[in-house]
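Per-entry structural report
Letter by letter, the chains look like this.
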Amino acid sequence: MYGSKAYAVGLMSGTSVDGIDAAVIEIDAASEQEVSVRLLAFENTPFPDQTRNQIFELFDPAKATIDKVGMMNMWLGELYANATYSVIAKCGLKPEQISVVGSHGQTIYHAPWDQAIDGHTVRYTVQIGDGAVIANRTGIPCVSDFRTADMAVGGQGAPLVPFTEYLLYRSDKQTRLLQNIGGIGNVTVLPAGASAEEVYAFDTGPGNMIIDALIAQLYAPLAMDIGGQIAAKGQVIEELLSWMQQDEYYAMPLPKSTGRERFGTQYTEQIIAMMQNKQWRAEDVIATATYVTAWSIYDSYKRFIAQRNPAQQLLVGGGGSYNATLIGYLKQLFSPLGVDVLTQEDIGGNSDAKEAVAFGLLGYYTLQQRPNNIPNVTGASRPVIMGKLSWPTR
Ligand SMILES: Nc1ncnc2c1ncn2[C@@H]1O[C@H](COP(=O)(O)OP(=O)(O)OP(=O)(O)O)[C@@H](O)[C@H]1O
Ligand SMILES: CC(=O)N[C@H]1[C@@H]2OC[C@@H](O2)[C@@H](O)[C@@H]1O[C@H](C)C(=O)O
């Protein structure tokens, strides 16, 4: 594989359920340690409203009956295949030129803790959007369902993007924190001059998930606080802030990951109930939820990172990069610590495309039968080749 260039498509639909991110990348693997990626095209296709609502229903195990999960698995495969076609056309390539589609799928449930069954324990995670559908519609081999292999060897199955961040963003001189702010927030620590074994990463807590849910409740039909404009008009409510800061997730030891199971609908309903009871103003509640995301990133740094790896740079990606109030809070919190806060756009990248790019690269490694998890990051007992490979019939 070294010395050759290849094209891959990466597909991501994350915990925010805002749609399908699709990226076409050119991978240039000069040697094992020197891999570079060029983004050739990117497209976000929002889910049809009905599909989005149906996906949200599947987050509730009581509503996620097997027939609904099975149908959505196949339907998302179709939508992912369409997104693949569309993004390939955007850069003027043909499907035959693409080596692989790496598709994350839609997480509908993630249980990275041990569950007892028949005197044994298992962990599980469910990502849907069938790879066989994608492969057969597009004619391109498709790697999907990445997380299970890592769990099969004792890992949490998340986060997976750090493998690609190590390849693409490490520096010999600077310790960099790669912070993603999607539905959930997650950070990857790339110590200066580190080897892959020294990289660690974890979920910092909520990203935009609570903000989005509160906006949908309080400012419908809005689904997000565009640019952080609503939060900018509010003040942080101290009482709500300290209640939110008490969530036990923040103090949990590493490795750790979280999701909608903790910061989803039930959590937001509690905030709305408190708000009604205390007569808080909606913009103040949004400002507080926004501040909590910034604080949780700062708190994670101080608690788990700063002593071991004092950093020079916090590089933010994911949709939260476009929330100016959130970025403002981050700058306020990190600047006294001597950490520069930058977004992907500040360095010529694309905050929206970053995870789709990552899954294109992860899929390419799987196709090459090369391990692509970082055990130190996920808690897995060893490196594994992640994902299931579906072949098209050409
Ligand atoms: N212009 C914007 N202004 C404010 N917030 C935005 C903007 N654009 C996107 N966002 C926020 O980013 C979210 C989507 O982020 P992203 O696509 O990175 O999440 P995701 O990939 O679904 O989540 P995860 O990475 O947790 O799986 C939106 O739901 C919204 O809250
Ligand atoms: C189970 C799951 O889908 N987890 C997501 C989620 O969204 C952010 C954070 O929680 C991260 O752990 C992960 O995604 C990214 C893409 C990852 O694996 O690196």
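Residues numbered from 1 in each chain as written. Chains lettered and ligands numbered in written order. Predicted model: local features only at pLDDT ≥ 70, side-chain atom pairs only at ≥ 80, totals over all residues. Heavy atoms only, no water.

Naming follows an unreviewed UniProt entry, where the protein appears as Anhydro-N-acetylmuramic acid kinase of Paenibacillus septentrionalis. UniProt, in its Function (unreviewed entry) section for the protein, records the words "Catalyzes the specific phosphorylation of 1,6-anhydro-N-acetylmuramic acid (anhMurNAc) with the simultaneous cleavage of the 1,6-anhydro ring, generating MurNAc-6-P. Is required for the utilization of anhMurNAc either imported from the medium or derived from its own cell wall murein, and thus plays a role in cell wall recycling." What UniProt records for the protein under Catalytic activity (unreviewed entry) is the sentence "1,6-anhydro-N-acetyl-beta-muramate + ATP + H2O = N-acetyl-D-muramate 6-phosphate + ADP + H(+)". (UniProt positions renumbered as here; feature names shortened; annotations may be inferred.)

So, about the site of ligand 2. Taken together, 16 residues form the shell around ligand 2, and within it Thr-107, Arg-147, Leu-160, Val-161 and Asp-203 come nearest. At 2.7 Å from an oxygen atom of ligand 2 is found a side-chain nitrogen or oxygen belonging to Thr-107. Contact with the protein chains covers 96% of the free accessible surface of ligand 2, which is 430 Å². For the shell around ligand 2, the secondary-structure elements that each account for two or more residues are strand 4 (98–117), strand 8 (184–190) and helix 13 (354–367). Residue composition of the shell around ligand 2, by class: seven nonpolar, six polar and three charged. (Near = heavy atom within 4 Å. Polar contact = N/O pair within 3.5 Å; in protein donor to acceptor, adjacent residues only side chain to side chain. Areas by Shrake-Rupley, 256 points an atom, 1.4 Å probe, with all protein chains shown as cover. Helix = DSSP H or I, 4+ residues; strand = E, 2+ residues; numbered from the N terminus. Nonpolar A, V, L, I, M, F, W, Y, C, P; charged D, E, K, R; others polar.)

Next up on the list: unusual backbone geometry. Look at the link from Ala-220 to Pro-221: it is a cis peptide, with omega at 10 degrees. Mapping Pro-221 onto the fold places it in the loop between helix 6 (209–218) and helix 7 (229–233). The linkage connecting Leu-254 with the following residue, Pro-255, adopts the cis geometry, with an omega of -5 degrees. Tracing the backbone through its elements, the reader meets Pro-255 in the loop between helix 8 (238–245) and helix 9 (260–263). Phi is positive for Gln-369, which is not a glycine, with a value near 55 degrees.

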